[in-house]
Amino acid sequence: MSDPAKTRRHAERIRELVASLVREIKDPRLGMVTITDARITGDLRDAHVYYTVLGDQTEQAATAAALDSAKGMLRTRVGHALGLRHSPSLTFVLDNVLDNVKEIDELLAAARHRDAEVQRLAAGKQYAGDPDPYKADDEEDEDTDERVGAREDQG
């Protein structure tokens, strides 16, 4: 096992290398690819490369097939560049960043809508009960002083 700092450095280097090598792939199925992240196991044998593709499901599937067919070339070049005894096997994983961003935007819009509805319902309303439901400090001090005085009279 290697140390975590070395593993992180190798993962970052793999991300950079794959991002630059993807431009050299001449496969027409390859779409607009962005390499977002790479993670490598502690023994430096397996690497997961995360990517996004601009386009619909068919373009994503075509890009996945193109990356899978170029996996051997990418593995060899990454292994030579890293100077490792064994080149790490590459696994490409579609990163759903755009789907997550869309879902978060929808949740935020729904929250804003609910907040606006609460503000609309609260407009012109008043709180039930006293404006200040808590005892003031001076009232509390008077009560304790009276109780202390009563105890002294009894005692």
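Our subject is the structure listed above.
Residues numbered from 1 in each chain as written. Predicted model: local features only at pLDDT ≥ 70, side-chain atom pairs only at ≥ 80, totals over all residues. Heavy atoms only, no water.

1. Remarks on the overall build of the chain
1) Next: When its secondary structure is counted, the chain shows five helices and three strands.
2) Next: Taken from N to C terminus, the helices and strands of the chain fall in the order α-β-β-α-α-β-α-α.
3) Next: Expressed as a percentage of its 155 residues, the buried residues of the chain come to 21%.
4) Next: Taking contacts inside the chain between residues at least 6 apart in sequence as the whole, the part at least 24 apart equals 61%.
5) Next: Here the chain displays about 11600 Å² of accessible surface, and carbon together with sulfur accounts for 51% of that area. (Helix = DSSP H or I, 4+ residues; strand = E, 2+ residues; numbered from the N terminus. Buried < 20%, exposed > 50% of the residue type's maximum accessible area, 1.4 Å probe, protein only. Contact = heavy atoms within 4.5 Å. Areas by Shrake-Rupley, 256 points an atom, 1.4 Å probe, with all protein chains shown as cover.)

2. Quick notes on a negative patch on the surface
1) Next: Taken together, the side chains of Asp99, Glu103, Asp105 and Glu106 present a region of like negative charge at the surface.
2) Next: Within the fold, aspartate 99 resides in helix α4 (residues 97-122). (Patch = residues over 30% accessible without salt bridge, like charges linked within 9 Å, V, L, I, M, F, W, Y side chains within 5 Å. Salt bridge = Lys/Arg side-chain N within 4 Å of Asp/Glu carboxyl O. Lys, Arg positive; Asp, Glu negative; His and termini not counted. Charge placed at Lys NZ, Arg CZ, Asp CG, Glu CD.)

3. Structural notes on the packing of aromatic side chains
1) Next: Summed over all chains, the structure comprises one aromatic pair.
2) Next: With a centroid separation of 6.4 Å and 70° between ring planes, the pair formed by tyrosine 51 and phenylalanine 92 is classed as edge-to-face. Placement of the pair is tyrosine 51 in strand β2 (residues 46-54) and phenylalanine 92 in strand β3 (residues 89-94), with a sequence separation of 41 residues. The residues tyrosine 51 and phenylalanine 92 share a single accessibility class, namely buried. (Phe/Tyr/Trp six-rings, centres within 6.5 Å; stacked < 30°, edge-to-face > 60°.)

4. Digging into the pairing of strand β1 (residues 32-40)
1) Next: In this structure, β1 lies alongside β2, joined through eight bridges in antiparallel fashion. Each bridged residue has a counterpart across the sheet, and for valine 33 the counterpart in β2 is valine 53.
2) Next: Between β1 and β2, which follow one another and run antiparallel, lie five residues, and leucine 44 among them has a positive phi close to 60°. (Pairing = 2+ DSSP bridges.)

5. Quick notes on the nonpolar core
The tendency in soluble globular proteins is for nonpolar side chains to be buried side by side.
1) Next: Core analysis: the largest hydrophobic core is formed by 24 residues, its most contacted members being Ile14, Val18, Leu90 and Phe92.
2) Next: Top element by residues in this core is helix α1 (residues 4-22). It accounts for six residues.
3) Next: Residues in contact with valine 18, not counting those within four places in the same chain, are Ile35, Val49, Val78, Leu90 and Phe92. (Core = buried A, V, L, I, M, F, W, Y, C linked by side-chain atoms within 4.5 Å.)

6. Remarks on the sheet that holds β1
1) Next: In space, the three strands of this open sheet follow the order β1-β2-β3, with mixed pairing throughout. Lying at the two open borders of the sheet, with one neighbouring strand each, are β1 and β3. For this sheet, the mean inter-axis angle between neighbouring strands, taken without regard to orientation, is 30°.
2) Next: Judged from the six bridges that link them, β2 and β3 form a sheet pairing that is parallel. Across the sheet, valine 49 pairs through a bridge with phenylalanine 92, a residue of β3. (Axes fitted to C-alpha atoms, helices over the stretch in contact; angles between N-to-C directions.)

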